[in-house]
Amino acid sequence: MHGLINRSIQSFLRETYGQKLWEDVVQRAEFKFDDFEALLIYPAEQTDAMIEAACTVMRRRRGDLLESLGTYLVTSPNLEALRRLLRFGGLSFVDFLHSLDDLPDRAHLALSELDLPELIVLDQGSGHFRLLCAPLIDGAGHIVVGLLRAMADDYGALVLLDHLGTDGDYEVVVIHVLDQAYTAGKQFDLALPVGPER
């Protein structure tokens, strides 16, 4: 697993729940270190051990914790670059959904070693979509639910989401877009803000 993914989970746990919880997770997972390096590659078992340890320490279901992680990935000020990468997917939430198939390739442009789950979006008409997620880790579809919920808010769309479990090699998420312009959404400019002139 790419260290950037592990580092993001670590940051989520520390920023959201505090340093003490992170120390408890490290101890529970029996890591010999307390920080993931963003550019290293780690065994997938360590990622799973970290998530399982966090669920045990916090007494939370895995799906609930991973959904909160997905929301954090979009809403954390420290991860604005990821939000920008996602917003480049389109001007509306439905445009964004149609761009999700290409997200792994866009991520490769930014970081060639970074593997993201394969995402297949099926447009079933009338605002109904079915998203198939080939998980890198068990429960990755729940991360996608949290991410989509946060992105719907970012776009100002009213959306219903549900994780249906697995179908073969994929986790299945159903999406019903009720209103693409429910609220004004959050400010987004294609160009990065320019600093003060010197």
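Residues numbered from 1 in each chain as written. Predicted model: local features only at pLDDT ≥ 70, side-chain atom pairs only at ≥ 80, totals over all residues. Heavy atoms only, no water.

### A look at the overall build of the chain
Item 1. On a plain count of helices and strands, the chain comes out with 8 helices and 4 strands.
Item 2. Each helix and strand of the chain, ordered N terminal to C terminal, gives the series α-α-α-α-α-α-α-β-β-α-β-β.
Item 3. Compactness check: the chain gives a C-alpha radius of gyration of 17 Å against a globular reference of 16 Å for 198 residues, within 12% of the reference.
Item 4. Here the C-alpha coordinates of the chain stretch approximately 55 × 50 × 30 Å along the principal axes.
Item 5. Taken across its 198 residues, the chain has 45% of its residues classed as buried.
Item 6. Across the chain, every contact between residues at least 6 apart in sequence was considered, and the portion connecting residues at least 24 apart equals 62%.
Item 7. As displayed, the chain offers around 10800 Å² of accessible surface, 53% of which is attributable to carbon and sulfur atoms.
Item 8. Here the chain contributes 17 positively and 31 negatively charged side chains, and the mean placements of these two sets differ by 7 Å. (Helix = DSSP H or I, 4+ residues; strand = E, 2+ residues; numbered from the N terminus. Rg over C-alpha atoms; globule rule 2.2 N^0.38 Å. Buried < 20%, exposed > 50% of the residue type's maximum accessible area, 1.4 Å probe, protein only. Contact = heavy atoms within 4.5 Å. Areas by Shrake-Rupley, 256 points an atom, 1.4 Å probe, with all protein chains shown as cover. Lys, Arg positive; Asp, Glu negative; His and termini not counted. Charge placed at Lys NZ, Arg CZ, Asp CG, Glu CD.)

### Focus: the nonpolar core
Item 1. Counting residues in each nonpolar core, the largest one holds 56 residues, and the members touching the most others are L13, F93, F96, L131, L148 and I175.
Item 2. Among the elements that line this core, the one with the most residues is helix 8 (residues 140-155), at 10 residues.
Item 3. Each residue touching L148, except ones within four places of it in the same chain, is listed here: F93, F96, L97, L100, L131, L161, V173 and I175. (Core = buried A, V, L, I, M, F, W, Y, C linked by side-chain atoms within 4.5 Å.)

### A short note on the sheet that holds strand 3 (residues 158-167)
Item 1. Taking strand neighbours across the sheet as the criterion, the 4 strands line up as 1-2-4-3 in an open arrangement whose pairing is antiparallel. Looking at which strands have only one partner, the edges of the open sheet turn out to be strand 1 (118-125) and strand 3. Direction aside, the axes of adjacent strands within the sheet are offset by 20° on average.
Item 2. Pairing of strand 3 with strand 4 (residues 170-179) involves 9 bridges; the strand directions are antiparallel. Looking across to strand 4, one finds that D167 is bridged to Y170. (Pairing = 2+ DSSP bridges. Axes fitted to C-alpha atoms, helices over the stretch in contact; angles between N-to-C directions.)

### Description of the pairing of strand 1
Taken residue by residue, a regular strand's side chains alternate between the two faces of the sheet.
Item 1. Strand direction decides the pairing type here: strand 1 and strand 2 (residues 128-134), joined by 7 bridges, are antiparallel. By the bridge assignment, E118 is partnered in strand 2 with A134.
Item 2. Adjacent in sequence and paired antiparallel, strand 1 and strand 2 are bridged by 2 residues, among which S126 carries a positive phi angle near 55°.

### Regarding the environment of L161
Item 1. Looking at the element boundaries, L161 is found in strand 3.
Item 2. Considered as a pair, L161 and L136 are 25 residues apart in the sequence and their alpha carbons are 21 Å apart.
Item 3. Setting aside chain neighbours within four positions, we find L161 in contact with V145, L148, R149, V174 and I175.

### Here we look at the side chain of S99
Item 1. Residue placement: S99 occurs in helix 6 (residues 93-99).
Item 2. Given a relative accessible area of 10%, S99 falls into the buried group.
Item 3. Ignoring anything within four residues of it in the chain, the contact list for S99 reads G89 and R106.

Nothing here speaks to function; it is geometry throughout.
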